[in-house]
Amino acid sequence: MAMSSRFSALRKRSETKEKQEEAAPVETSTVVIPSVKKGETEEPKAEQPVVENQPATSDRVADARVRLHRLLIEEINLVALEKLPKDEMRRQIFDFVSEKTREERMAINVAELDSLVDDIVDEMVGLGPLEPIMRDPDVADILINGHRSCFVEKGGKLQQISIPFKDEAHLMRVINKIVAAVGRRVDESQPLVDARMADGSRFNAAIRPIGVDGPLVSIRKFSADKLALHKLVEFQALTQSMAEVLAAAVHARKTTIISGGTGTGKTTMLNALSAFIPEDERLITIEDAAELQLQQPHVGRMETRPPNIEGRGEVKQRELVKNALRMRPDRIIIGEVRGEEAFDMLQAMNTGHEGSMTTIHANSPRDSISRLEQMIGMAGMPMTQSSIRNQISSAIRLIVQVQRLADGSRRLTSISELTGTEGDVIQIQEIYRFRKTHIDTDNRVVGEFRATGIRPRFLEELAEVGISMSAESFEPNRVL
């Protein structure tokens, strides 16, 4: 069975999905805002995403926004607002703001008026100044260090932008709105909060007194369109030969760990590889914040729960792993292993759940093994170092190392196979590696993917299930 047919099927699936995207307009006659002078129904301009580095909003427009927002709250029908489509609500707000600016003789131009309406809509039903940035598909992370200092990550690089928070209280209102939506709270007695937003983005905040200079906010945006493995090949994150080896290993139930630092694309790679799990298998996913987007029909998803205000009700990953074993899974997929659950995960991988997958924070395949040893020690089980290493070597077959390079690009830098232990040392053989060669004139990292010449031991096992791999894929020092 060749993996190329599976790649083609996945590519066709993603192209079909893109063609089916369409939105049906919704019409309504609900009046939420008291109507202004009839006949003055100027159509607002189409909403446009704004996420470029722009100057701060002028004091005059900022003051107008605050005053109009206050007037709007006094005259609005809040109950009807919740049921009103956003386009219709924006039209009514546009009429209201146009009338009020004329009544109060506010000297603002058409562009400022449109921006003002967008700001008010975002304040009322969205995340205020964060809303345009959340809509920008090129932004991966939003980092706020107090209301005056904001950064975003675009294309793997951080850049400072201006987000028009009026003051610290304004930023706190946005934070409280986010955490309240998920049934959490943040205050001086509980100044740290970690939550999953409605669109799946990961949200973390630290407020005073923990945040010395004001609230610290980190948002890791959730991508609705996951990257398939053939897309990663197109982006030169890995080669076609490497992708086919990984796809075949996942299909043939070779337990895989994806290792890398923060923001290197571990979850993206895990999502891409999970597409090659046969659709007749039952999968259980366990995560701190649900990010995985598995396409198989039989998937059970579980998520940890933090303690409540009284410090009770916490559900840790280890408890979920134990419970997953009672749910008849074929494979268990853990978003990230980071503690004592590593022990139960290895037990599962060694007792009939081959092909399970997870990610881990580490800078190299050898470092990921050391981290696993430390995590297993956290479980407090009476095991010798030799016994722990035997468990690891028998449970895990592949370690995939991903890295974010200096230019912000992400690459798969190593694929390694665990072959057992020799004495007390776990034996690792590298199959593929990425070697950096130089930096070009545009400050981009240039390198090449090479095979080491070592043929993985699981090739015979792949042949048993009808998957054949070309010998050319493993020729030593061949640039792929």
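None of the values given here were measured: they were computed from a predicted structure.

Novice: I'd like to hear about the overall build of the protein, residue by residue, with values.
Specialist: In terms of helices and strands, the protein carries 15 helices and 15 strands. The contacts in the protein between residues at least 6 apart in sequence include a share of 60% that link residues at least 24 apart. Summed over all atoms, the accessible surface of the protein reaches about 24300 Å², with 48% contributed by carbon and sulfur.

Novice: Talk me through the packing of helix H4 (residues 86–103) against helix H5 (residues 110–125); I want residue IDs and the actual numbers.
Specialist: Their axes nearest at 9 Å, the elements H4 and H5 cross at an angle of 125°. By the angle between their axes, H4 is oblique relative to H5. With respect to the hand of their crossing, H4 and H5 are arranged in right-handed fashion. Counting all contacts with H4, which are made through Lys86, Met89, Arg90, Ile93, Phe94, Val97, Ser98 and Thr101, the residues of H5 involved are Leu113, Asp114, Leu116, Val117, Asp118, Ile120, Val121, Asp122, Met124 and Val125. When grouped by side-chain class, the residues that make up the contact of H4 with H5 number eleven nonpolar, two polar and five charged.

Novice: Go over the environment of glycine 335, please, and point to the residues and values.
Specialist: For glycine 335, the position within the fold is in the loop between strand S10 (331–334) and helix H12 (341–349). Among the residues examined, glycine 335 registers a relative accessible area of 14% and is labelled buried. With 44 residues separating them in the primary sequence, glycine 335 and glutamate 291 have C-alpha atoms 7.8 Å apart. Residue contacts for glycine 335: discarding those within four places in its chain leaves Leu270, Ile286, Glu287, Thr358 and Thr359.

Novice: I'd like a rundown of the sheet that holds strand S1 (residues 139–145), residues and numbers included.
Specialist: Pairing is antiparallel across the open sheet formed by six strands, whose spatial order is S3-S2-S1-S6-S5-S4. Among the strands making up the open sheet, the edge pair consists of strand S3 (157–161) and strand S4 (192–196). Shown here is a sheet whose adjacent strand axes are inclined to one another by a mean of 15°, direction ignored. Inspection of the sheet shows S1 paired to strand S6 (residues 216–220) by five bridges, in the antiparallel sense.

Novice: Which residues make up the pattern of salt bridges, and what values go with them?
Specialist: Counted under the stated rule, the structure contains 27 salt bridges. Put simply, lysine 231 and glutamate 234 hold a salt bridge, and the shortest N to O gap is 3.9 Å. Of the two residues, lysine 231 and glutamate 234 are both situated in helix H8 (residues 229–234); the distance of three residues between them amounts to about one turn of the helix. Here glutamate 234 falls in the partly exposed class, since its relative accessible area comes to 44%. Between arginine 444 and aspartate 440 there is a salt bridge; the shortest N-O distance is 3.2 Å. Overlapping salt bridges bring together Lys254, Arg397, Glu417 and Glu461 as one network.

Novice: Before we move on, could you go through unusual backbone geometry and cite the residues and values that matter?
Specialist: With the exception of glycine, the majority of residues adopt a negative phi angle, and the majority of peptide bonds are in the trans configuration. The residue after arginine 208, namely proline 209, is reached through a cis peptide bond having omega 5°. Note on placement: proline 209 falls in the loop between strand S5 (202–206) and S6. Non-glycine residue glutamine 236 carries a positive phi angle of around 65°. Even without glycine at this site, arginine 253 takes up a positive phi of about 65°. One can find arginine 253 in the loop between helix H9 (240–251) and strand S7 (256–260).

Novice: Before we move on, could you go through the side chain of serine 149 and cite the residues and values that matter?
Specialist: Along the chain, serine 149 falls in the loop between S1 and strand S2 (150–154). Excluding residues that lie within four positions of it along the chain, serine 149 makes contacts with Leu143, Ile144 and Gln160.

Novice: Give a description of the packing of aromatic side chains that names residues and reports values.
Specialist: Taken as a whole, this structure holds two aromatic pairs when the rule is applied. Ring geometry for phenylalanine 434 and phenylalanine 449: centres 4.8 Å apart, planes at 50°, overall tilted. Separated by 15 residues along the polypeptide, phenylalanine 434 in strand S14 (residues 425–439) and phenylalanine 449 in strand S15 (residues 445–451) bring together distant segments of the chain. Relative accessible area serves as the criterion here: at 8%, phenylalanine 449 is assigned to the buried category.

Calculation notes
Residues numbered from 1 in each chain as written. Predicted model: local features only at pLDDT ≥ 70, side-chain atom pairs only at ≥ 80, totals over all residues. Heavy atoms only, no water. Helix = DSSP H or I, 4+ residues; strand = E, 2+ residues; numbered from the N terminus. Contact = heavy atoms within 4.5 Å. Areas by Shrake-Rupley, 256 points an atom, 1.4 Å probe, with all protein chains shown as cover. Axes fitted to C-alpha atoms, helices over the stretch in contact; angles between N-to-C directions. Parallel < 35°, antiparallel > 145°, perpendicular 65-115°, else oblique. Left-handed = near helix turned anticlockwise from the far one by under 90°. Nonpolar A, V, L, I, M, F, W, Y, C, P; charged D, E, K, R; others polar. Buried < 20%, exposed > 50% of the residue type's maximum accessible area, 1.4 Å probe, protein only. Pairing = 2+ DSSP bridges. Salt bridge = Lys/Arg side-chain N within 4 Å of Asp/Glu carboxyl O. Phe/Tyr/Trp six-rings, centres within 6.5 Å; stacked < 30°, edge-to-face > 60°.

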